[in-house]
Amino acid sequence: MDTTSFPDMESSNSGGGGGGGYASASAAASSSSSSGASAFNNLSRYENQKRRDWNTFGQYLKNHRPPLSLSRCSGAHVLEFLRYLDQFGKTKVHALICPFYGHPNPPAPCPCPLRQAWGSLDALIGRLRAAFEENGGKPETNPFGARAVRLYLREVRDLQSKARGISYEKKKRKRPPPPHHAAAQPPPPAGFNLMNSLQ
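Worth saying up front: this structure is predicted, and the values here are computed from it rather than measured.

Conventions we followed
Residues numbered from 1 in each chain as written. Predicted model: local features only at pLDDT ≥ 70, side-chain atom pairs only at ≥ 80, totals over all residues. Heavy atoms only, no water. Helix = DSSP H or I, 4+ residues; strand = E, 2+ residues; numbered from the N terminus. Buried < 20%, exposed > 50% of the residue type's maximum accessible area, 1.4 Å probe, protein only. Contact = heavy atoms within 4.5 Å. Areas by Shrake-Rupley, 256 points an atom, 1.4 Å probe, with all protein chains shown as cover. Patch = residues over 30% accessible without salt bridge, like charges linked within 9 Å, V, L, I, M, F, W, Y side chains within 5 Å. Salt bridge = Lys/Arg side-chain N within 4 Å of Asp/Glu carboxyl O. Lys, Arg positive; Asp, Glu negative; His and termini not counted. Charge placed at Lys NZ, Arg CZ, Asp CG, Glu CD. Core = buried A, V, L, I, M, F, W, Y, C linked by side-chain atoms within 4.5 Å. Phe/Tyr/Trp six-rings, centres within 6.5 Å; stacked < 30°, edge-to-face > 60°.

Q: When you look at the overall build of the protein in this model, what are you seeing that I'm missing?
A: Helix and strand counts for the protein come out as seven helices and two strands. For the protein, buried positions account for 38% of its 199 residues. Of all intrachain contacts in the protein linking residues separated by at least 6 positions in sequence, the fraction that spans at least 24 positions is 63%. Summed over its atoms, the accessible surface of the protein is roughly 12800 Å², and 55% of this surface lies on carbon and sulfur atoms.

Q: Just checking my understanding: could you explain a positive patch on the surface for this structure?
A: A surface patch of positive charge is lined by Arg129, Arg147, Arg150 and Arg154. Per-element accounting of the positive patch gives the leading share, three residues, to helix H6 (residues 147-164). Position of arginine 154 among the secondary structure elements: in helix H6.

Q: Looking at this model, I keep getting lost on the pattern of salt bridges. Mind explaining?
A: Pairing is possible between side chains of opposite charge, provided their charged atoms come close. Throughout the structure, instances matching the rule amount to four salt bridges. Between arginine 127 and aspartate 53 there is a salt bridge, and its shortest N-O distance comes to 2.4 Å. Here arginine 127 is found in helix H5 (residues 118-134), whereas its partner aspartate 53 is found in helix H3 (residues 45-63), with 74 residues between them in sequence. Judged by relative accessible area, arginine 127 falls into the buried class, the value being 5%. Linking aspartate 158 and arginine 157 is a salt bridge whose minimum nitrogen-to-oxygen distance equals 3.3 Å. When its relative accessible area of 34% is taken as the criterion, aspartate 158 is described as partly exposed. In the salt-bridge network here, residues are joined through shared partners; they are Glu47, Lys50 and Glu134.

Q: Before we go on, may I ask you to explain the nonpolar core in this structure?
A: Across soluble globular proteins, nonpolar side chains show a tendency to be buried alongside one another. The biggest cluster of nonpolar side chains holds 25 residues, and the ones touching the most others in it are Phe57, Val78, Phe81, Leu82, Ile125, Leu128 and Phe144. For this core, the secondary structure elements donating two or more residues are H3, helix H4 (75-85), H5 and H6. Among the elements that make up this core, the one with the highest residue count is H5 (seven residues). Once residues within four sequence positions are removed from consideration, leucine 82 is found in contact with Leu121, Leu124, Ile125 and Tyr152.

Q: Hey, could you run me through the packing of aromatic side chains in this one?
A: Aromatic ring pairs are described here by two measures, namely the spacing of the ring centres and the angle between the planes. Evaluated as defined, the whole model comprises nine aromatic pairs. Ring centres 5.0 Å apart and planes at 80 degrees place the aromatic pair phenylalanine 57 and phenylalanine 81 in the edge-to-face group. You can see phenylalanine 57 sitting in helix H3 and its partner phenylalanine 81 sitting in helix H4, a full 24 residues away along the chain. According to the relative accessible area criterion, phenylalanine 57 is buried, its value standing at 1%. Classification of phenylalanine 81 as buried rests on a relative accessible area of 0%. Seen from their ring centres, tyrosine 84 and phenylalanine 88 are 5.7 Å apart, and the 80 degrees between their planes marks the pair as edge-to-face. An identical accessibility class is assigned to tyrosine 84 and phenylalanine 88; each is buried. Following the ring pairs from residue to residue traces out a cluster consisting of Trp54, Phe57, Tyr60, Phe81, Tyr84, Phe88, Phe132 and Phe144.

Everything listed here is a matter of coordinates, which is why it stays silent on function.
This is the structure in structure tokens:
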């Protein structure tokens, strides 16, 4: 495989907790696409990032040795892509033997590797999964939705959660209290006496 560098991706979304990422490489890939700049600017931030991610993945397939077509891409190739992106990561993931294993805020530097943050990978796969189907792919053949990819993301989440001492449990949203509709009773008619009405 060609070692063409892809910018790291962690700066492109807030879910990773590591900063930095492949945004610059994916931006370069998207700028070379044939779409007009004005149409590109009218899209939402999410849509722009999804397009950059899709173009970056397409470039990765072209640089693959041997080159790989999207129709032949499988979950195994997606995992290869995710592992390849780790070299651009900026999230410190402590090894089990590291004295800072499990500490969310280590007091000193350590030689543990930098990786792509789980949140960044999870968001990337979500965008690529959507882009695959928007570009004519069938949901049942979507390599980004493969079981192996889901299991890999779960494994990365669990490993990073333990190594970094950070819980990745979904935050429960506080639901607003139901609106209080006190049924307003109309006032009794003038001259109405409850005691007289009971007799």
